[in-house]
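Descriptive analysis of the structure
Each chain, written out:
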Amino acid sequence: EAEVAQSPRYKITEKSQAVAFWCDPISGHATLYWYRQILGQGPELLVQFQDESVVDDSQLPKDRFSAERLKGVDSTLKIQPAELGDSAMYLCASSLGSGRWRETQYFGPGTRLLVL
Amino acid sequence: DQQVKQNSPSLSVQEGRISILNCDYTNSMFDYFLWYKKYPAEGPTFLISISSIKDKNEDGRFTVFLNKSAKHLSLHIVPSQPGDSAVYFCAAKEGNGSSNTGKLIFGQGTTLQVKP
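Residues numbered from 1 in each chain as written. Chains lettered and ligands numbered in written order. Predicted model: local features only at pLDDT ≥ 70, side-chain atom pairs only at ≥ 80, totals over all residues. Heavy atoms only, no water.

Below, the discussion takes up the overall build of chain A. When helices and strands are tallied, chain A shows zero helices and eleven strands. Ordered by position from N to C terminus, the α and β elements of chain A give β-β-β-β-β-β-β-β-β-β-β. A compact globule built from 116 residues should have a C-alpha radius of gyration of about 13 Å, and chain A, at 13 Å, falls within 12% of that. Projected onto the principal axes, the alpha-carbon positions of chain A cover approximately 40 × 30 × 25 Å. Counting every position in chain A, which comprises 116 residues, the buried fraction comes to 46%. A fraction of 54% describes how many contacts in chain A between residues 6 or more apart in sequence connect residues 24 or more apart. Surface exposure of chain A reaches about 5800 Å², of which carbon and sulfur atoms provide 49%. (Helix = DSSP H or I, 4+ residues; strand = E, 2+ residues; numbered from the N terminus. Rg over C-alpha atoms; globule rule 2.2 N^0.38 Å. Buried < 20%, exposed > 50% of the residue type's maximum accessible area, 1.4 Å probe, protein only. Contact = heavy atoms within 4.5 Å. Areas by Shrake-Rupley, 256 points an atom, 1.4 Å probe, with all protein chains shown as cover.)

Written out as structure tokens, the structure reads:
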């Protein structure tokens, strides 16, 4: 069964350091999403790509976060510099179409980030 | 402004009995709803969905009910099994439209414990 792959699974870093997360969506999926989930809350969208284009990055803290999906396949999310409040689970998801219709988003296992 | 709310942080049920998880929403533009299940240290797994043109959707032991007038949906699990113990997230998205990116809005989650 096709899955969304993410790495690393766990990351511990010190504040002010740079961190990067990688995601490989299900093959053929056009839309890729990065979510952040803080403990006790539901996932919140950070950025959405359709192919290589950003569709929605309204909730991405652009002073420290960046995301790219250069060839419209895999994607990288970067935080520089990391802050204590960035400690969370970072989830990647993908969907087959544009995401605008009634289709399912499939999630990867996530990257658990701890900032010390 | 929480557009999707799961007001019960936790629920405990005996094995074999029915589990009922509730979700309320405020945005009348939502027309597609999904339930995800999440185990610790894993990403959310899609469980079942329902579109606004239906009031019920069933898949095995899982049934989702939608009451549009009350802006309320519920997930019924019958019979509940210990393996169902997880965090359950309700999510919603707006209907297809020119300004709609298909973003999922998640509730805070309900932790279900099924006791043997």
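Text resumes after the structure shown.
Another point: the packing of aromatic side chains. Residues and elements named next belong to chain B. Overall, the coordinates contain eleven aromatic pairs over all chains when judged by the stated rule. Measuring from ring centre to ring centre gives 6.0 Å for Tyr36 and Phe46, while their planes differ by 70°; the resulting arrangement is edge-to-face. Of this pair, Tyr36 sits in strand β4 (residues 30–38) while Phe46 sits in strand β5 (residues 45–51), and the two are ten residues apart along the sequence. Look at Tyr36 and you get buried, because its relative accessible area is 0%. Given the relative accessible area of 26%, Phe46 is considered partly exposed. With a centroid separation of 5.8 Å and 50° between ring planes, the pair formed by Tyr36 and Phe106 is classed as tilted. (Phe/Tyr/Trp six-rings, centres within 6.5 Å; stacked < 30°, edge-to-face > 60°.)

Right, let's get into the interface of chain A and chain B. Residue-level contacts link 25 residues of chain A with 28 residues of chain B. A combined buried area of about 2100 Å² lies between chain A and chain B, and 52% of that area is made up of carbon and sulfur atoms. Run the count over chain A and chain B and you get zero salt bridges. Along the contact surface separating chain A from chain B lie three residue pairs in polar contact (both at pLDDT 80 or more). (Buried area = accessible area lost by both parts, 1.4 Å probe. Salt bridge = Lys/Arg side-chain N within 4 Å of Asp/Glu carboxyl O. Polar contact = N/O pair within 3.5 Å; in protein donor to acceptor, adjacent residues only side chain to side chain.)

Another point: the state of the cysteines. For the structure shown, the criterion picks out two disulfides over all chains. What pairs with Cys23(A) in a disulfide is Cys92(A), and their sulfur atoms sit 1.9 Å apart. Between Cys23(A) and Cys92(A) the disulfide shows an S-S torsion of about -70°. By sign, it is left-handed. Pair noted here: Cys23(A) is in strand β3 (residues 19–24) and Cys92(A) is in strand β9 (residues 88–95), with a separation of 69 residues, a long-range link. Each member of the pair, Cys23(A) as well as Cys92(A), is classed as buried. Bridging Cys23(B) to Cys90(B), the disulfide has an S-S length of 2.1 Å. Taking the sign of the S-S torsion, -70° for the link of Cys23(B) and Cys90(B), the bridge is left-handed. On the criterion of sequence distance, the pair formed by Cys23(B) in strand β3 (residues 19–25) and Cys90(B) in strand β9 (residues 86–94) is long-range, its members being 67 residues apart. Of the residues examined, Cys23(B) reaches a relative accessible area of 0% and is grouped as buried. (Disulfide = S-S within 2.5 Å.)

Here the focus is the nonpolar core. Counting 24 residues, the largest nonpolar core has Val4(B), Phe33(B), Trp35(B), Leu73(B), Leu75(B) and Tyr88(B) as the members making the most contacts within it. Those elements giving two or more residues to this core turn out to be β3, β4, β5, β7 (62–67), β8 (72–77), β9 and β11 (110–115) of chain B. No other element matches the four residues that β9(B) contributes to this core. Contact partners of Phe33(B), with chain neighbours within four places excluded, come to Tyr25(B), Ile48(B), Ser49(B), Ile50(B), Leu66(B), Leu73(B), Ala91(B) and Ala92(B). Formed by 20 residues, the second largest nonpolar core is a distinct cluster that contains Trp34(A), Val47(A), Leu60(A) and Ala82(A). (Core = buried A, V, L, I, M, F, W, Y, C linked by side-chain atoms within 4.5 Å.)

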